[in-house]
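Geometric and topological summary
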Amino acid sequence: MPSFQKISLNCSAALSPVGSWGGRGSFLVPLLALPLLVAGCQKKTPSPQMPPQPVDVVTLKTQPVTLETSLPGRTDAYEQAQIRPQVNGVIVSRDFEQGADVKAGQQLFQIYIAPYQAAYDQAKAQLLNAQAVAARANGQLKRYRPLVAAHAVSSQDFDNTLATAREAEAQVAQAKAALEAAAVNLNYTHVRAPISGRIGRTLYTAGALLTAGQTQPVAVVTRLDPIYVDVNLAATDMLRLKRELADGQLERNGTDAAAVGLKLEDNSEYPMRGKLQLSEVTVDPATGTLVMRAVFPNPDHLLLPGMFVNAHIEEGIDPHGLLVPQVAVARDAKGNPFVMVVDGENKVSQRSIQVLRTVGESWLVSDGLKEGEKVIVSGLQKVQPGAKVTPHEAPPAAPAGKAE
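A few points on the structure.

What counts and what doesn't
- Residues numbered from 1 in each chain as written.
- Predicted model: local features only at pLDDT ≥ 70, side-chain atom pairs only at ≥ 80, totals over all residues.
- Heavy atoms only, no water.
- Helix = DSSP H or I, 4+ residues; strand = E, 2+ residues; numbered from the N terminus.
- Buried < 20%, exposed > 50% of the residue type's maximum accessible area, 1.4 Å probe, protein only.
- Contact = heavy atoms within 4.5 Å.
- Areas by Shrake-Rupley, 256 points an atom, 1.4 Å probe, with all protein chains shown as cover.
- Expected span 1.5 Å × (residues − 1).
- Axes fitted to C-alpha atoms, helices over the stretch in contact; angles between N-to-C directions.
- Parallel < 35°, antiparallel > 145°, perpendicular 65-115°, else oblique.
- Left-handed = near helix turned anticlockwise from the far one by under 90°.
- Nonpolar A, V, L, I, M, F, W, Y, C, P; charged D, E, K, R; others polar.
- Pairing = 2+ DSSP bridges.
- Salt bridge = Lys/Arg side-chain N within 4 Å of Asp/Glu carboxyl O.
- Phe/Tyr/Trp six-rings, centres within 6.5 Å; stacked < 30°, edge-to-face > 60°.
- Lys NZ or Arg CZ within 6 Å of the ring centre and 35° of its normal.
- Patch = residues over 30% accessible without salt bridge, like charges linked within 9 Å, V, L, I, M, F, W, Y side chains within 5 Å.
- Polar contact = N/O pair within 3.5 Å; in protein donor to acceptor, adjacent residues only side chain to side chain.

**What about the overall build of the chain?**
When you go through the chain residue by residue, the secondary structure sums to five helices and 23 strands. Classification of the 404 residues of the chain by burial places 33% in the buried group. Counted over contacts in the chain with a minimum sequence separation of 6, partners at least 24 positions apart contribute 74%. In the structure as shown, the chain presents an accessible area of about 24,700 Å², 54% of it carried by carbon and sulfur atoms.

Structure, rendered in structure tokens:
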């Protein structure tokens, strides 16, 4: 019976097709043992780990932030007069330049005056006649007074004379009223500007027939300085603005008006400030908004009625505002905002925050963050909470501007 010796194998022998037991004989290593031997000979290497991902961060700093409410609106004329003729007649002359500035009382059109001058002269003559009749009746009444006292004339004759004198005075009053009406119509032949402002184009020229009370105006005069800006404001915001105005948080322009700035359609800032007038007293039940009106000086006539503008009302200044770039803020499934924060060990954590309003390209944060913390603004898709990162300070952004 053969003697067995201690098995001595190394990895090269195990992987060789023929192994030795020591003795004289040799045999093939059983095939079933090969996988176990090979696995035992392989070296275990640890799985590779991802290196820290580079990310851009912003270190938060408090700063003064101007709070304001921005409202879209349109300009409207401070005064506008649609001029219509008050008497019938043919235009004799047009006495203004289209698109020019006119003064109140300036003549714009002249209507053919002859018929109205004749009516005035006739009314004046009737007045003179009535005054003559009244003078004769009053003279006779004056003579009858002592005679009736002396019973030289009957009371009946005196009463008739008194009635005649009073009728003559009534005729004088009637003639005066007719003369005044004729004078009014005569004056209406001079079509004048009721207000000062800029006059627009007209479709009427000399020779055109005008009709008293016609629906189409012969000209329109618009006062451009000052000018109104009408905006729609939610009722809840209106209540807040009134409280802030009463508490002194709003910048005032005058005694009881909040200061208002204006941005034009080309995104330029209007150089002058206006004041807010809380004029509307009803809220639109369909939209929950009301129209608010601001008044702006417009000496250069830069603003014209019908322009689209943005009015911004400065509510005050938050001296310790904390701004977070909008690109750093995401929202969860419920719509709640959150950011990714890098701690002192360069680990990432998710932080829920509360935001108030936008300030340029940033959010004004009211809760959830504090000064000095680092918020990831770039590379968010590469990191998860708990991961390590290599933070790099992002370049400074443009000035924050004002909170809207």
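From this point on, the discussion continues.
**Some words on the environment of Lys-176**
By secondary structure assignment, the location of Lys-176 is in helix H4 (residues 155-188). Between the alpha carbons of Lys-176 and Lys-124 there is a distance of 7.8 Å; along the sequence they are 52 residues apart. Residues in contact with Lys-176, not counting those within four places in the same chain, are Leu-127 and Gln-131.

**A few points about H4**
The first and last C-alpha atoms of H4 sit 50 Å apart over 34 residues, in line with the 50 Å expected at 1.5 Å per residue. Every buried residue of H4 is listed here: Phe-158, Thr-161, Leu-162, Ala-165, Ala-168, Val-172, Ala-175, Leu-179, Ala-182 and Leu-186. Lining the buried residues of H4 we find helix H3 (114-149) and strand S8 (190-192).

**Here we look at H3**
The terminal C-alpha atoms of H3, which comprises 36 residues, lie 53 Å apart, in line with the 52 Å expected from a rise of 1.5 Å per residue. Residues Tyr-116, Ala-123, Leu-127, Ala-130, Ala-134, Ala-137, Leu-141, Tyr-144 and Val-148 constitute the buried set of H3. Among the structural elements, H4 are those in contact with the buried residues of H3. A positive phi of about 60 degrees marks His-151, the residue just after H3.

**Topic: the packing of H3 against H4**
In contact at an axis separation of 7 Å, H3 and H4 are set at 160 degrees when each is read in the N-to-C sense. By the angle between their directions, the pair H3 and H4 is classed as roughly antiparallel. As for how H3 packs across H4, the hand of that crossing is left-handed. Here the residues of the contact of H3 with H4 sort into 23 nonpolar, 10 polar and five charged.

**Let's talk about the sheet that holds strand S5 (residues 89-94)**
Spatially, four strands are ordered S8-S7-S5-S10 in an open sheet, and the strand pairing comes out antiparallel. Each end of this open sheet is capped by a strand with a single partner; those strands are S8 and strand S10 (209-210). The sheet contact formed by S5 and strand S7 (residues 107-111) spans three bridges and is antiparallel. Bridging across to S7, Ile-91 finds its partner in Ile-111. Lying on the sheet, H4 is in contact with S7 and S8; it crosses S8 at an angle near 65 degrees.

**Quick notes on the pairing of strand S18 (residues 348-352)**
Across five bridges, the pairing between strand S17 (residues 337-342) and S18 is antiparallel. When the sheet's bridge partners are listed, Val-342 is paired in S18 with Val-348. Turn length for the S17-S18 hairpin, with the two strands adjacent in sequence and antiparallel, is five residues, and the turn residue Asn-346 shows positive phi of about 65 degrees.

**Some details on the pattern of salt bridges**
All told, the structure shown has five salt bridges when counted by the stated rule. Measuring nitrogen to oxygen at the nearest pair gives 3.2 Å for the salt bridge that ties Arg-198 to Asp-101. With Arg-198 in strand S9 (residues 197-199) and Asp-101 in strand S6 (residues 101-102), this residue pair connects regions lying 97 residues apart in the sequence. We classify Asp-101 as partly exposed; its relative accessible area is 48%.

**Description of the packing of aromatic side chains**
Evaluated as defined, the whole model comprises three aromatic pairs. Plain terms: the ring middles of Tyr-78 and Tyr-228 are 4.9 Å apart, the flat faces sit at 35 degrees to each other, and that makes the pair tilted. Taken together, the positions of Tyr-78 in strand S4 (residues 62-83) and Tyr-228 in strand S11 (residues 219-234) put the pair 150 residues apart, joining distant regions of the chain. A relative accessible area of 29% means that Tyr-78 is categorised as partly exposed. Classification of Tyr-228 by relative accessible area gives buried; the value is 14%. Look at Phe-96 and Phe-109: their rings are 5.4 Å apart centre to centre, the planes differ by 80 degrees, and that puts the pair in the edge-to-face class. Remark: Phe-109 occurs in strand S7 and Phe-96 occurs in the loop between S5 and S6; sequence separation between them is 13 residues. In this structure, Phe-96 and Phe-109 share a single accessibility class: buried. Between Arg-94 and the ring centre of Phe-96, over which it is positioned, the NZ or CZ distance is 5.5 Å.

**Regarding a nonpolar patch on the surface**
On the surface, Val-90, Val-92, Tyr-112 and Leu-209 cluster together into a nonpolar patch covering about 390 Å² of accessible area. Relative to the helices and strands, Val-90 is located in strand S5. Assessed through its relative accessible area of 35%, Val-90 is described here as partly exposed.

**Re the side chain of Asp-230**
Mapped onto the fold, Asp-230 is located in strand S11. Reaching out from Asp-230, the side chain makes a polar contact with the side chain of Arg-293 at a distance of 2.7 Å. Setting aside anything within four residues of it in sequence, one finds Asp-230 in contact with Pro-72, Gly-73, Arg-74, Asp-76, Val-291, Met-292 and Arg-293.

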